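# Analysis of the macromolecular model
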Amino acid sequence: MGSHALARSKGAEEYDLWGVPDEDEETLEAHFTERSYGLWGVYRFKRGFGGELKRAAQAVDCIYNPWLYKLYLWRMAGREAG
């Protein structure tokens, strides 16, 4: 059973697909066909479901080990650059 079917069987009326570009709805609609980097392709895919765009608080990193976190940020910056 898919996660959406499981959610529906448990009484859920909404399913959060999480994540679209951080733009206002007018910009999303004006540019989703011409942009594909980052979350634009994800937005185009999700748009096909005809859902409603809702905004929530951004994710926040909870840092328990500052040294490891700096190492993680350095590594992620290297991936984005390469």
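Just so it is clear, the model here is predicted, and its values are computed rather than measured. (Residues numbered from 1 in each chain as written. Predicted model: local features only at pLDDT ≥ 70, side-chain atom pairs only at ≥ 80, totals over all residues. Heavy atoms only, no water.)

### Thoughts on the pattern of salt bridges
According to the stated counting rule, one finds two salt bridges in the structure shown. D22 is paired through a salt bridge with R55; the nearest N and O atoms lie 4.0 Å apart. Pair noted here: D22 is in the loop between α1 (3–9) and α2 (25–31) and R55 is in the loop between α3 (40–47) and α4 (66–81), with a separation of 33 residues, a long-range link. The class of R55 is partly exposed, set by a relative accessible area of 47%. A salt bridge links R47 to E29, with the shortest nitrogen-to-oxygen separation between them at 2.7 Å. Of this pair, R47 sits in helix α3 while E29 is found in helix α2, placing the two residues 18 residues apart along the sequence. Judged by relative accessible area, E29 falls into the partly exposed class, the value being 33%. (Salt bridge = Lys/Arg side-chain N within 4 Å of Asp/Glu carboxyl O. Helix = DSSP H or I, 4+ residues; strand = E, 2+ residues; numbered from the N terminus. Buried < 20%, exposed > 50% of the residue type's maximum accessible area, 1.4 Å probe, protein only.)

### A few points about the packing of aromatic side chains
Applying the stated criterion to the full structure yields two aromatic pairs. Ring centres of F32 and Y43 lie 6.1 Å apart, and the angle between their planes is 75°; on these two criteria the pair is classed as edge-to-face. With a gap of 11 residues between them, F32 in the loop between α2 and α3 and Y43 in helix α3 connect regions that are remote in the sequence. An identical accessibility class is assigned to F32 and Y43; each is buried. Aromatic side chains Y69 and Y72 sit 6.0 Å apart centroid to centroid with 35° between the ring planes, which places their arrangement in the tilted category. Of this pair, Y69 and Y72 both sit in helix α4, three residues apart, which is roughly one turn of that helix. Given the relative accessible area of 22%, Y69 is considered partly exposed. (Phe/Tyr/Trp six-rings, centres within 6.5 Å; stacked < 30°, edge-to-face > 60°.)

### Things to note about a negative patch on the surface
Together, E23, D24, E25, E26 and E52 give the surface a local cluster of negative charge. Along the polypeptide, E26 turns up in helix α2. When its relative accessible area of 68% is taken as the criterion, E26 is described as exposed. (Patch = residues over 30% accessible without salt bridge, like charges linked within 9 Å, V, L, I, M, F, W, Y side chains within 5 Å. Areas by Shrake-Rupley, 256 points an atom, 1.4 Å probe, with all protein chains shown as cover. Lys, Arg positive; Asp, Glu negative; His and termini not counted. Charge placed at Lys NZ, Arg CZ, Asp CG, Glu CD.)

### With respect to the environment of K54
In this fold, K54 is placed in the loop between α3 and α4. C-alpha of K54 to C-alpha of W18: the two residues are 36 residues apart in sequence and 9.6 Å apart in space.

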